[in-house]
Amino acid sequence: MKPWTIWIAAFGLALSLTALGLALSLAGGAREDPVADGKAAYLRGDYAIALQLMRPSAEQGDAEAEFSLGVMYERGLGVARDEAQAVEWYRKSAEQGYVAAQYNLGLMYFQGRGVPYDGGQAVAWFRKLADQGFAAAQLLIGVAYDEGRGVPRDDAQAIVWYRKAADQGYAEAQYNLGMNYANGQGVPQDDAQALAWFLKAADQGLASAQNNLGVIYSVGRGVKRDQAQALAWYRKAAEQGHAKAQNELGLRYVQGLGVAKDETAALEWFRKAADQGFAAAQDNLGRMYSEGIGVPQDGIQALAWYHRAIDQGYVAALHSLGVMYQQGRGVARDDAQAAAWYQKAADQGYDPAQYNLGLMYANGRGVPRDDARAVVWYRKAADQGYAPAQNNLGRMYANGRGVPRDEAIALDWYRRAAEQGDLGAQTNIGAIYSSGDDTPRDYAKALELYRKAADKGFAGAQFNLGQMYLHGRGVPQDDVQAAEWYRKAADQGLDAAQYSLGVLYVQGRGVPRDDTQARALYRKAADQGHPEAQYNLGLMSANGEGGPQDLEQAYFWFQQALQRITDGKVREMGEINLARVAAAMTPEQLAEAQRKAAAWTPKLMH
């Protein structure tokens, strides 16, 4: 978890007449009091009248009236907003010892409003109040020490001042103490203490503390992980308008985490946060429209929300646009555009974009195929700890693509990713033990790794288990088991498993012989660009096996396969079959098949 940040919103909480709770005596027969009458007008919203009534008293040195004019000039109430004038009136009042004016003058110096920023002056004014036990001033002195504003940065002193205010029940100071304990800043790191202080602040209704309690219960930091509790705290904060909590609620409704899945509710919470300008929610709302989640798919709306997030510098939205173009969700599929957006995000260090840009270079999608460039981008993401990139970098070393082949380095990257729970990396370590190239062969170890990942639903491991049973590696040869594991992976869309299960149906191994099933499975794999499946589908279409004869389809799939098959003998047979099919077609059929082949791109498995 990244360190949380200290409360700073308090800087904007200047005291006003209403905030001070200034009492008014308006009973009949009261003596004439222009300041009291001015306050009454202020509370009614008659600001021009209030200004008119209080100005004479302020000009005669009445501290309360001076403060009141400062408030009205600062906020533009009954007069044009003028922060410099506000500072002058606050100063006149503060120098007479008027507490609220001293506090607001300190804020103006702290924020550099109406006067050049001067942390030292701010702290001096705050200290006058803090020494009298004024909690808001104690909080801000703590912030000054925390950030080194007007005083040397001193975490221990920050804690002292936060604690003074927190012990008086000041919620923002309790929150900041929680932050310090959570991050181990100025005090030993202590999740229990952090929880206790956040609870104190949250029970007073501080939304930021409620949001942090949602985080704590969600990840189980210092408490037992409890998604129901997390949801409850996020909801409390969200209902107060806390944008981060609103965004988190949206994510939980999308994922069904701690609450029944509800895409409509997710959309509503994302929109609440997005309308406040929260960039992550704008990005999430863009995805909802791009993918048609909870709303009809709408590419224009998706682009608009993504660009709002991008305009705020939210790098993840650049990556989201890349995904949108790569997958053709709400826009025409465009790999070049996808690569361009990934590049923008990758250049800013966003690791998922660096990983995806590596994939584009590795596969020649939207950019020329360049294994060396793929390695560069995988490495950038891998060095940031991004597990999928660590896994793919391992594969590049294992296969000698873009780098000299080195199984030891491959294993190192695989292990880094596997330690983070990456099932693909776990499966690839199993493949190294199974192949026995540089590492001694150990089928038992390979099977153990495959089974762990397969039992968690990882399609690659399920496919590899199927291979082990098909070929009797480390287990008795068993076509039925092979077919079962291929089917699990095929049902998840893995093209190699779809192809291999299709072969078993053609041969009647482990399953009843069924050309119709085989042809359907080959088609699924072929649609994803699997060359052997494309070739076999071409043969079945040409011969009318598993379905009607279709020469256009046969030509189409032979053409696709020949662009990907590298085996010389298979290519030679493919070219012969392509020529035979072409000779049997009419010129119109041939032209149509060639047109479709030229325009075709493989489907992505999401």
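Residues numbered from 1 in each chain as written. Predicted model: local features only at pLDDT ≥ 70, side-chain atom pairs only at ≥ 80, totals over all residues. Heavy atoms only, no water.

A.B. asks: What's the story with the overall build of the protein in this structure? I'm lost.
C.D. replies: Regarding its fold elements, the protein presents 32 helices and zero strands. For 606 residues, the compact-globule formula gives about 25 Å, and the C-alpha radius of gyration of the protein, at 34 Å, lies well above that figure. If you line up the protein on its principal axes, its C-alpha atoms span 110 × 55 × 40 Å. Residues classed as buried in the protein amount to 51% of the 606 residues present. Excluding contacts between residues fewer than 6 apart, the proportion of contacts in the protein whose partners are at least 24 apart in sequence is 49%. (Helix = DSSP H or I, 4+ residues; strand = E, 2+ residues; numbered from the N terminus. Rg over C-alpha atoms; globule rule 2.2 N^0.38 Å. Buried < 20%, exposed > 50% of the residue type's maximum accessible area, 1.4 Å probe, protein only. Contact = heavy atoms within 4.5 Å.)

A.B. asks: What should I look at first to understand the nonpolar core in this one?
C.D. replies: One recurring pattern in soluble globular proteins is that nonpolar side chains are buried together. Among the nonpolar cores identified, the biggest contains 187 residues, and Met 72, Phe 126, Phe 198, Leu 501 and Tyr 522 are the most heavily contacted of them. Ranked by residue count, the leading element in this core is helix H7 (residues 135-147), at nine residues. Apart from residues lying up to four places away in sequence, Phe 126 is in contact with Tyr 103, Gly 106, Leu 107, Phe 110, Ala 137, Leu 140 and Ile 141. Ala 542, Leu 551, Ile 565 and Leu 578 belong to the second-largest nonpolar core, a separate cluster that totals 13 residues. (Core = buried A, V, L, I, M, F, W, Y, C linked by side-chain atoms within 4.5 Å.)

A.B. asks: How do you make sense of the packing of aromatic side chains when you look at a structure like this?
C.D. replies: The geometry of an aromatic ring pair is captured by two quantities: the separation of the ring centres and the angle between the planes. By the definition in use, this model includes 15 aromatic pairs. Ring geometry for Phe 110 against Phe 126: centres 5.6 Å apart, planes inclined by 85°, an arrangement best described as edge-to-face. Residue Phe 110 is located in helix H5 (residues 99-111), and its partner Phe 126 is located in helix H6 (residues 119-130); the two are separated by 16 residues in the primary sequence. Judged by relative accessible area, which is 0%, Phe 126 ranks as buried. Through successive ring pairs, a cluster of aromatic residues spans Tyr 103, Phe 110, Phe 126 and Phe 134. Here the basic side chain of Lys 380 rests over the ring of Trp 377, its NZ or CZ set 5.5 Å away from the ring centre. (Phe/Tyr/Trp six-rings, centres within 6.5 Å; stacked < 30°, edge-to-face > 60°. Lys NZ or Arg CZ within 6 Å of the ring centre and 35° of its normal.)

A.B. asks: Honestly, the environment of Arg 369 in this entry has me stumped. Any pointers?
C.D. replies: Here Arg 369 is to be found in the loop between helix H19 (351-363) and helix H20 (371-383). Along the chain, Arg 369 and Leu 537 lie 168 residues apart, while their C-alpha atoms are 27 Å from each other. Excluding residues that lie within four positions of it along the chain, Arg 369 makes contacts with Tyr 361, Ala 362, Gly 364 and Arg 401. Polar contacts involving the side chain of Arg 369 include one to the main-chain carbonyl oxygen of Ala 362, which spans 3.4 Å. (Polar contact = N/O pair within 3.5 Å; in protein donor to acceptor, adjacent residues only side chain to side chain.)

A.B. asks: What is the right way to look at helix H1 (residues 34-44) in this model?
C.D. replies: Residues three or four positions apart in an α-helix share a direction because the helix packs 3.6 residues into each turn. Turning to H1, its buried residues number three or more, namely Val 35, Ala 36, Gly 38, Lys 39, Ala 40, Ala 41 and Tyr 42. Each element contacted by the buried residues of H1 is listed here: helix H2 (47-59) and helix H3 (63-75). If you check the start of H1, you find a side-chain oxygen 3.2 Å away from the backbone N of Val 35, and it comes from Asp 33.

A.B. asks: Explain the side chain of Ser 500 to me, please; I cannot follow it from the model alone.
C.D. replies: Within the secondary structure, Ser 500 sits in helix H27 (residues 495-507). Only 2.9 Å separates the side chain of Ser 500 from the backbone oxygen of Ala 496, close enough to count as a polar contact.

A.B. asks: Honestly, the packing of helix H21 (residues 387-399) against helix H22 (residues 407-419) in this entry has me stumped. Any pointers?
C.D. replies: In a packed pair of helices, the relevant descriptors are the angle between the two axes and the axis-to-axis distance. Two numbers describe how H21 lies on H22: the axes approach to 8 Å, and their chain directions differ by 165°. The orientation of H21 relative to H22 falls into the category roughly antiparallel. By crossing handedness, the relation of H21 to H22 is classed as left-handed. Taken together, the residues of H22 that come into contact with H21 (itself represented by Ala 387, Gln 390, Asn 391, Leu 393, Gly 394, Arg 395, Tyr 397 and Ala 398) are Ile 409, Ala 410, Trp 413, Tyr 414, Arg 416 and Ala 417. Of the residues belonging to the contact of H21 with H22, the class tally is nine nonpolar, three polar and two charged. (Axes fitted to C-alpha atoms, helices over the stretch in contact; angles between N-to-C directions. Parallel < 35°, antiparallel > 145°, perpendicular 65-115°, else oblique. Left-handed = near helix turned anticlockwise from the far one by under 90°. Nonpolar A, V, L, I, M, F, W, Y, C, P; charged D, E, K, R; others polar.)

A.B. asks: What is the right way to read the packing of helix H4 (residues 83-94) against H5 from this model?
C.D. replies: Where H4 meets H5, the axes come as close as 8 Å, and the angle between the chain directions of the two elements is 140°. In terms of their interaxial angle, H4 and H5 are classed as oblique. For H4 against H5, the interelement crossing comes out left-handed. Counted together, Glu 83, Ala 86, Val 87, Tyr 90, Arg 91, Ser 93 and Ala 94 of H4 and Ala 101, Gln 102, Asn 104, Leu 105, Met 108 and Tyr 109 of H5 form the full contact between these two elements. Across the contact of H4 with H5, the residue classes break down as eight nonpolar, three polar and two charged.

All quantities given are derived from atomic positions and should not be read as evidence of function.
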